[in-house]
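Now for the letters of each chain:
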Amino acid sequence: MDILFQPMPWYVAGPIIGLTVPLLLIMGGKMFGVSANLRHACAACNFGNIAFFNYDWKEAGWWNLTFLAGSIIGGFLGGYVFANPEPIDLAASTIADLQALGIQDFAGLVPADLISWAALGTPTGLIVLVLGGFMVGFGARYAGGCTSGHAISGLSDLQLASLIAVIGFFIGGLIMTYFIYPLIL
Amino acid sequence: MKFLEYLKYLLIGMAFGFVLVKSEVVSWFRIQEMFRFDSIHMYGIIGLAIVVGIISIQIIKRNNIKDTKGNPITIPPKDSTQVKRYIIGGSLFGLGWALLGACPGPMFALLGSGLTVMIIPILSAAAGTYVYGMLRDSLPH
């Protein structure tokens, strides 16, 4: 049982996440992707009668919303019931870089300096939580998928579109990490 | 009763959320480490997931494997002619991914782990999705 309380190594986690793709295909002919759920949620309450959200969201998305509910429960089991006991074993260079930017709290899965109810009251925390979330939602739908839909599912199916999207993910991610974060932290 | 039909999706989702948290994919720190190219951790996870995905899909396609209902498995191809949407939309997603340190799956897994403040980016992401739906016709694709 001890192993349930230890961090899962990357070479174990990667193949298990990859198996989500064939499991969903074989169990129900479904293509793995998480961000489509945000569209289904918008479709469920389409106040403005926007064409993009006019579809049968129950037919298209009920399975995926159920999957999403499962991932919340899985998060509860992994992060609460069987939480990893030690701080994350980060690369020393990353810790040094982040300390230089002013990140002080390395306990837990996310920095309380940026991601917590208290941080929501600071300008930087507000930007991280509100603007970060907004760009994730806007960008995922604009690109037609997120990390799961493009980087995992799409690349697994050798889709050129997904390769372009993943290159886009890294263009944005590198700009944020190297140029914008140093300005806002 | 469709209970069993949906139970399987719930269980696969549970395994997914559990692995995301236990392997620290949900961590803002791990995303920072990835974009700084300081560790194999995230690349190893995403890379191995893709390798397993590629092999699985090739096996499914070459053997014409059917799903559990007996229907042929078809994967709709993505439109690779819409380069603008993948580069612009993808870059905006990447900006948000690095800023928040979480993409859609991890946002929900983190919420489940007890980080209740994640409800804020989740609502923002839904708002972002809604605004995309509103502006869709006037955006380059």
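For the structure, see preceding data.
Just so it is clear, the structure is predicted and the values come from calculations on it, not from any experiment.

Description of the overall build of chain A
Here is step 1: A count of helical and extended segments in chain A gives seven helices and zero strands.
Here is step 2: When the helices and strands of chain A are read in sequence order from the N terminus, they spell out α-α-α-α-α-α-α.
Here is step 3: Referenced to the eigenvectors of the C-alpha coordinate spread, the extents of chain A come out at roughly 50 × 45 × 35 Å.
Here is step 4: Burial status across chain A gives 52% buried among its 185 residues.
Here is step 5: Summed over its atoms, the accessible surface of chain A is roughly 8000 Å², and 70% of this surface lies on carbon and sulfur atoms.
Here is step 6: Side-chain charges of chain A comprise 4 positive and 9 negative groups, with the mean position of each set lying 25 Å from the other.

Details of the layout of surface pockets
Here is step 1: Counted as a void, the largest pocket has a volume near 750 Å³.
Here is step 2: Looking at the largest pocket, it is lined by 34 residues, and the ones nearest its centre are A:Met31, A:Ala36, A:Arg141, A:Gly144 and B:Lys78.
Here is step 3: Of all the elements in the fold, those that place two or more residues in the lining of the largest pocket are helix H2 (36–44), helix H3 (57–81), helix H5 (123–143) and helix H6 (147–156) of chain A together with helix H4 (83–100) of chain B.
Here is step 4: The element best represented in the lining of the largest pocket is H6(A), accounting for four residues.
Here is step 5: Looking at the lining of the largest pocket residue by residue, the classes come out as 14 nonpolar, 13 polar and seven charged.

Remarks on the packing of H3(A) against helix H1 (residues 3–22) of chain B
Here is step 1: H1(B) packs onto H3(A) with a crossing angle of 40° between their chain directions and a minimal axis gap of 6 Å. Between H3(A) and H1(B), the crossing angle belongs to the class labelled oblique. The two elements H3(A) and H1(B) meet at a crossing, and its hand is right-handed.

As for helix H1 (residues 10–28) of chain A
Here is step 1: Between its terminal C-alpha atoms H1(A) stretches 28 Å, which fits the 27 Å expected from 19 residues at 1.5 Å a residue.
Here is step 2: Restricting attention to buried positions, one finds in H1(A) the residues A:Ala13, A:Gly14, A:Ile17, A:Gly18, A:Thr20, A:Val21, A:Pro22, A:Leu24, A:Leu25 and A:Gly28.
Here is step 3: The inward-facing, buried residues of H1(A) abut H3 and H6 of chain A together with H1 and helix H3 (41–62) of chain B.
Here is step 4: Of the residues flanking the end of H1(A), it is A:Gly29, one or two places downstream, whose phi is positive at about 65°.

Description of the environment of A:Ile167
Here is step 1: Its place among the elements puts A:Ile167 in helix H7 (residues 160–184).
Here is step 2: According to the relative accessible area criterion, A:Ile167 is partly exposed, its value standing at 44%.

A word on a nonpolar patch on the surface
Here is step 1: Taken together, the side chains of A:Leu160, A:Leu163, A:Ile167, A:Ile171, A:Ile175, A:Tyr178, A:Phe179 and B:Phe37 define a hydrophobic patch exposed on the protein surface, amounting to about 770 Å² of accessible area.
Here is step 2: Position of B:Phe37 relative to the elements: it lies in the loop between helix H2 (28–35) and H3.

Some thoughts on the interface of chain B and chain A
Here is step 1: Counting from both sides, the interface comprises 104 residues of chain B and, opposite them, 130 residues of chain A.
Here is step 2: For the chain B and chain A pair, buried surface summed over both sides reaches about 10300 Å², with 77% attributable to carbon and sulfur atoms.
Here is step 3: The three residues of chain B that bury the most area against chain A are B:Lys22, B:Phe29 and B:Leu99, which together make up 8% of that side's buried surface.
Here is step 4: Joining chain B to chain A, the criterion identifies two salt bridges.
Here is step 5: Of the charged contacts in the structure, one is a salt bridge between B:Arg36 and A:Asp97, with a shortest N-O distance of 3.1 Å.
Here is step 6: Taken together, the links from chain B to chain A amount to 34 residue pairs in polar contact (both at pLDDT 80 or more).

Some words on unusual backbone geometry
Residue and element names in this part refer to chain A.
Here is step 1: The backbone of leucine 158 sits at a positive phi, close to 55°, despite the residue not being glycine.
Here is step 2: Following the sequence through the fold, leucine 158 ends up in the loop between H6 and H7.
Here is step 3: Take leucine 158: its relative accessible area is 57%, and that puts it in the exposed class.

Considering empty space enclosed by the protein
Here is step 1: This structure, assessed with the given rule, holds one cavity of 30 Å³ or more.
Here is step 2: Roughly 190 Å³ of volume is contained in the largest cavity.
Here is step 3: In terms of lining residues, the largest cavity is bounded by 19 residues, among which A:Thr147, A:Ile152, B:Leu20, B:Val25 and B:Cys103 are the most central.
Here is step 4: Of all elements in the fold, only H6 of chain A together with H1, H3 and helix H5 (104–112) of chain B reach the threshold of two or more residues within the lining of the largest cavity.
Here is step 5: Top element by residues in the lining of the largest cavity is H3(B). It accounts for four residues.
Here is step 6: Grouping the constituent residues of the lining of the largest cavity by class yields 16 nonpolar, three polar and no charged.

Scoring rules and cut-offs
- Residues numbered from 1 in each chain as written.
- Chains lettered and ligands numbered in written order.
- Predicted model: local features only at pLDDT ≥ 70, side-chain atom pairs only at ≥ 80, totals over all residues.
- Heavy atoms only, no water.
- Helix = DSSP H or I, 4+ residues; strand = E, 2+ residues; numbered from the N terminus.
- Buried < 20%, exposed > 50% of the residue type's maximum accessible area, 1.4 Å probe, protein only.
- Areas by Shrake-Rupley, 256 points an atom, 1.4 Å probe, with all protein chains shown as cover.
- Lys, Arg positive; Asp, Glu negative; His and termini not counted.
- Charge placed at Lys NZ, Arg CZ, Asp CG, Glu CD.
- 1 Å grid on protein atoms, 1.4 Å probe; cavity = no way out; pocket = protein on both sides within 12 Å on 5 of 7 lines; lining within 4 Å.
- Points joined across faces, edges and corners; volume = space filled by probe spheres on them.
- Nonpolar A, V, L, I, M, F, W, Y, C, P; charged D, E, K, R; others polar.
- Axes fitted to C-alpha atoms, helices over the stretch in contact; angles between N-to-C directions.
- Parallel < 35°, antiparallel > 145°, perpendicular 65-115°, else oblique.
- Left-handed = near helix turned anticlockwise from the far one by under 90°.
- Expected span 1.5 Å × (residues − 1).
- Contact = heavy atoms within 4.5 Å.
- Patch = residues over 30% accessible without salt bridge, like charges linked within 9 Å, V, L, I, M, F, W, Y side chains within 5 Å.
- Salt bridge = Lys/Arg side-chain N within 4 Å of Asp/Glu carboxyl O.
- Buried area = accessible area lost by both parts, 1.4 Å probe.
- Polar contact = N/O pair within 3.5 Å; in protein donor to acceptor, adjacent residues only side chain to side chain.

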